Amino acid sequence: MSQFDLLFEPLKINKLTIRNRIVSTAHAEVYATDGGMTTDRYVRYYEEKAKGGCGLCICGGSSVVSIDSPQSWWSSVNLSTDRIIPHFQNLADAVHQHGGKIMIQISHMGRRSRWDGENWPNLMSPSGIREPVHRATCKTIEEEEIWRVIGDFAKAAQRAKAGGLDGVELSAVHQHMIDQFWSPRVNKRTDEWGGSFEKRMRFGIEVLKAVRDAVGPDFVVGMRITGDEFHPDGLSHEDMRQIAAYYDKTGMVDYFGVVGSGCDTHNTLANVIPNMSYPPEPFLHLAAGIKEVVTVPVIHAQNIKDPNQAQRILEAGYVDFVGMTRAHIADPHLIAKIKMNQVDQIRQCVGANYCIDRQYMGLDVLCIQNAATSREYMGLPHIITKTEGPVRNVVVIGGGPGGLEAARVAAERGHKVTLIERASELGGQVTIAAKAPQRDQMAGITRWLAMETERLGVKVMTDTTADMTMIRDLTPDVCILATGGEPFLEQNPEWGAAEGLVVSSWDVLNGMVEPGKNVLVYDAICEFSGMSVSDFLAARGALVELVTGDIKPGVGIGGTTFPTYYRSLYEKAVVMTSDLALEKVYREGEKLVAVLENEYTGQKEERVVDQIVVENGTRPNEELYYALKAESRNKGQIDVEALFDVRPQPVLAQAGSGMILWRLGDCVSQRNVHAAIYDALRLCKDL
């Protein structure tokens with residue numbers, strides 16, 4: 001513990017004492033329902049972080065103060081109505097009972113939203129300039145509207161205080177209304193609200209004055225800012241130092257939260273929540289630069305995943321509080337585990353950005369590897385308790401993420417567990433994915449699961465192909481099949497998979513085939529695999545064309561992730577082509593000819609290459625399931641009503657002899673890592 005002592009030093013913000021230096025910073029959760037209220041799911045999500053030891057939670061990224069700043073797209077918190085006050089009281093009580101503090105970020109998003117939903121407002125910005133990411137038009141805000149929005153900030157802060165929250169954070173980051181006024185990129189006004197430095201600062205100053213007048217001197221009012229917009233016509237780091245110092249001198253700001261990069265373009269958006277392709281804490285220097293010019297505490301959060309990083313950052317004095325937001329999504333009990341000297345048991349964030357990419361699709365934030373996160377209200381546990389029923393003999397076939405999670409949870413319940421994997425190492429498709437550039441940290445998902453199964457005494461057999469005889473000899477009470485799938489190259493016989501004319505992305509990433517020199521990658525799925533194998537091939541010197549019949553390569557990859565692929569592929573001169581389906585492959589001498597067809601015109605094109613890689617997803621390995629099904633007492637069936645309600649499977653309570661058989665993950669149908677882990681937890685938590 002002593003090596004992390006600095007993490008646990010209390011520190012005050014204004015008069016509010018934070019019990020440690022770890023913060024979960026504001027993000028849009030997409031959990032607020034019933035018109036933007038913090039209902040039970042929302043409350044339980046933050047209560048779990050407080051229960052796990054987090055010092056300060058700042059909730060509600062992009063929570064709106066005005067009725068014309070739409071909240072429905074993000075399902076963000078709505079502070080434009082007094083309805084929110086009792087909901088805040090529930091939230092505050094839940095966090096406070098565990099010793100944590102809770103604040104909320106408040107904002108008017110200005111142009112950074114969508115107009116085509118909820119109240120269908122006219123979006124507003126200082127000069128009516130459209131934002132690239134949301135592609136939404138906006139009007140130039142008028143002076144009467146400026147003063148009305150300023151008043152809305154004050155009312156929203158009053159509601160947060162009345163609801164028992166510990167403070168508010170003004171969002172002046174990510175090109176929301178306040179920093180839209182700051183930035184010469186967006187603010188072209190020549191009146192009292194634009195032009196000179198002081199005039200561009202005026203809107204934010206008036207908001208701060210109004211909020212402080214509304215809540216008094218002792219209520220915490222912070223401000224989250226960017227350290228550098230990373231646009232040649234935007235705010236530089238020196239500009240932001242000047243702005244921070246200017247606001248600090250007012251004496252009305254209690255802390256600054258600092259992140260790197262603006263995010264009003266797709267490319268800069270990827271910087272804001274750095275995925276696994278980025279180095280650790282890539283924008284810490286920007287936060288440190290702000291700290292040099294202000295007198296109040298500074299919080300920084302970006303790609304800080306483990307306690308060693310956090311301790312080093314605090315020891316060096318770069319900032320005062322360390323934000324570990326995605327780290328808490330992956331494991332809300334990480335602080336408690338540090339205290340209990342269980343650092344190796346922390347389920348560490350791998351930077352897959354499944355959480356935030358879902359948010360940018362308007363979906364609820366989930367963790368790729370922790371299915372309990374945000375499902376606390378459903379009864380999904382982070383801490384697995386021992387069974388009070390019989391100890392069962394559980395056999396798991398398949399050591400990918402679903403099989404490993406099933407083995408882990410069953411072992412935590414106290415059962416005797418055997419896991420059988422035909423490959424020489426655990427990990428399944430995650431191990432293949434981790435061989436691609438920008439994806440290596442994916443291996444952390446199954447590495448943690450493997451460590452936990454070892455700690456829990458699971459008997460693991462690798463290099464072993466399970467068959468019916470072996471399973472019968474093991475006499476399982478419960479047999480869980482997580483045997484995955486195989487590349488689906490046979491869907492179109494004209495591709496010539498049987499004749500070896502095409503290979504799969506697995507073949508390339510696993511080193512089963514040598515990369516060609518001139519390669520066509522056909523991606524029918526448009527998620528990670530096609531772009532990953534293209535990047536892999538190009539990094540080894542191949543000339544690569546990535547072709548898809550979809551609207552663009554990587555269209556299924558989220559907004560914080562696809563830009564990093566595009567950067568890499570463009571840098572390696574990969575040609576990206578959309579709207580063409582692979583119809584046929586034939587050999588011509590020593591070359592291969594790919595026949596491509598445009599769905600919209602029917603026009604055909606040909607490519608002459610020396611290698612064709614097809615990414616068409618997987619088909620389930622289900623032979624063993626169908627062989628075992630007849631002799632299982634539940635005929636392999638899962639009660640989906642119980643599964644979806646997160647209730648125990650009824651067969652567990654039914655008398656009878658014989659094996660219970662379940663299958664999960666890609667051996668049922670292709671989904672993703674989260675789906676496999678979610679099913680494993682739902683099935684096994686009640687074993």
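Residues numbered from 1 in each chain as written. Predicted model: local features only at pLDDT ≥ 70, side-chain atom pairs only at ≥ 80, totals over all residues. Heavy atoms only, no water.

**A closer look at the overall build of the chain**
Helix and strand counts for the chain come out as 22 helices and 27 strands. Relative to its length of 687 residues, the chain is compact, with a C-alpha radius of gyration of 27 Å against a globular reference of 26 Å. Taken over the C-alpha atoms alone, the chain extends approximately 80 × 65 × 45 Å along its principal axes. Within the span of the chain, comprising 687 residues, buried residues form 63% of the whole. When contacts within the chain are restricted to residue pairs at least 6 apart in sequence, those whose partners lie at least 24 apart make up 72%. (Helix = DSSP H or I, 4+ residues; strand = E, 2+ residues; numbered from the N terminus. Rg over C-alpha atoms; globule rule 2.2 N^0.38 Å. Buried < 20%, exposed > 50% of the residue type's maximum accessible area, 1.4 Å probe, protein only. Contact = heavy atoms within 4.5 Å.)

**Notes on the sheet that holds strand β25 (residues 611-615)**
Across the sheet, five strands lie side by side as β18-β25-β19-β20-β21; this open sheet has parallel pairing. Edge positions in the sheet fall to β18 (503-504) and β21 (575-577), since each of these pairs with one other strand and no more. Here β18 runs beside β25; their pairing, made up of two bridges, is parallel. Of the residues in β25, the one forming a bridge with V503 is V613. (Pairing = 2+ DSSP bridges.)

**A few points about the UniProt feature "domain: FAD/NAD(P)-binding" (unreviewed entry) in the chain**
Mapped onto the present numbering, the UniProt feature "domain: FAD/NAD(P)-binding" (unreviewed entry) falls on residues 393-642. End C-alpha atoms of residues 393-642 are separated by 22 Å, and the span's content is 30% helix alongside 27% strand. (UniProt positions renumbered as here; feature names shortened; annotations may be inferred.)

**Here's the deal with the sheet that holds strand β12 (residues 321-323)**
Strand order in the closed barrel made by the eight strands is β3-β4-β5-β8-β9-β10-β11-β12, with parallel pairing throughout. Direction aside, the axes of adjacent strands within the sheet are offset by 25° on average. The sheet contact formed by strand β5 (residues 101-107) and strand β8 (residues 167-172) spans three bridges and is parallel. By the bridge assignment, Q105 is partnered in β8 with E169. (Axes fitted to C-alpha atoms, helices over the stretch in contact; angles between N-to-C directions.)

**Some details on the nonpolar core**
Generally speaking, soluble globular proteins have nonpolar side chains that are buried together. Core analysis: the biggest nonpolar cluster contains 104 residues, and W182 and F203 have the highest contact counts within it. With nine residues, helix α5 (residues 197-215) is the single largest residue contributor to this core. With residues near it in sequence (within four places) discarded, F203 still touches I146, V149, I150, F153, M177, I178, F181 and W193. Core analysis: the next-biggest nonpolar cluster, separate from the first, contains 45 residues, A372, I384, A407 and V651 among them. (Core = buried A, V, L, I, M, F, W, Y, C linked by side-chain atoms within 4.5 Å.)

**Considering the pairing of strand β4 (residues 56-64)**
Side-chain positions along a regular strand alternate between the two faces of the sheet. Burial analysis of β4 places nine of its nine residues in the buried class, the great majority of the element. As defined by bridge partners, strand β3 (residues 22-24) adjoins β4 across two bridges and the pair is classed as parallel. Across the sheet, the residue bridging to S24 is C57, located in β4. Pairing between β4 and β5: six bridges, direction parallel. Opposite C59, over in β5, you have I104 as the bridge partner.

**What to know about the environment of L235**
Relative to the helices and strands, L235 is located in the loop between β9 (220-226) and α6 (237-248). Assessed through its relative accessible area of 3%, L235 is described here as buried.

**Considerations on helix α15 (residues 443-455)**
Here α15 contains 13 residues, and its C-alpha end-to-end distance of 18 Å stays within 8% of the 18 Å for a straight helix at 1.5 Å per residue. For α15, every residue scored as buried is listed here: G444, I445, T446, W448, L449, E452 and T453. Where α15 is buried, its residues meet α13 (401-412), α14 (429-433) and α22 (673-684). Looking one or two residues past α15, G457 carries a phi angle of roughly 80°, positive in sign. (Expected span 1.5 Å × (residues − 1).)

**Remarks on the packing of aromatic side chains**
Here the structure, examined in full by the defined rule, presents 15 aromatic pairs. An angle of 40° between the planes, with centres 5.4 Å apart, marks the rings of Y42 and Y46 as tilted. One end of the pair, Y42, and the other, Y46, are both in helix α1 (residues 40-51), four residues apart, so they sit about a helical turn from each other. Take Y42 and Y46: they sit in the same class, and that class is buried. Aromatic rings pair up to connect Y31, Y42, Y45 and Y46 into one cluster. The cationic tip of R439 hangs over the ring face of F528; the distance from NZ or CZ to the ring centre is 3.9 Å. One residue, R619, lies across the ring of F488, its end atom 4.7 Å from the ring centre. (Phe/Tyr/Trp six-rings, centres within 6.5 Å; stacked < 30°, edge-to-face > 60°. Lys NZ or Arg CZ within 6 Å of the ring centre and 35° of its normal.)

**A short note on the packing of helix α18 (residues 528-539) against helix α19 (residues 562-571)**
Look at α18 against α19: their axes get within 10 Å of each other, and the N-to-C directions meet at 30°. With respect to each other, α18 and α19 are oriented roughly parallel. Crossing of α18 over α19 shows left-handed handedness. Contact residues: F528, M531, S532, S534 and D535 in α18; Y565, Y566, S568 and L569 in α19. (Parallel < 35°, antiparallel > 145°, perpendicular 65-115°, else oblique. Left-handed = near helix turned anticlockwise from the far one by under 90°.)

**Details of the environment of D40**
With respect to the element layout, D40 can be found in helix α1. Put simply, D40 and M378 are 338 residues apart on the chain and 9.7 Å apart in space, counted from C-alpha to C-alpha.

**Observations concerning the pattern of salt bridges**
One pass over the full model with this rule turns up 42 salt bridges. Across the pair R44 and E47 runs a salt bridge whose closest N-O atoms are separated by 2.6 Å. Taken as a pair, R44 and E47 lie in helix α1 at a separation of three residues, close to a single helical turn. With relative accessibility at 29%, the residue R44 sits in the partly exposed group. In this structure E47 comes out as buried when scored by relative accessible area, which is 11%. Note that D331 and K337 form a salt bridge whose closest N and O atoms lie 2.7 Å from each other. Overlapping salt bridges, with partners in common, bring together R111, R185, D233 and D264 in one network. (Salt bridge = Lys/Arg side-chain N within 4 Å of Asp/Glu carboxyl O.)

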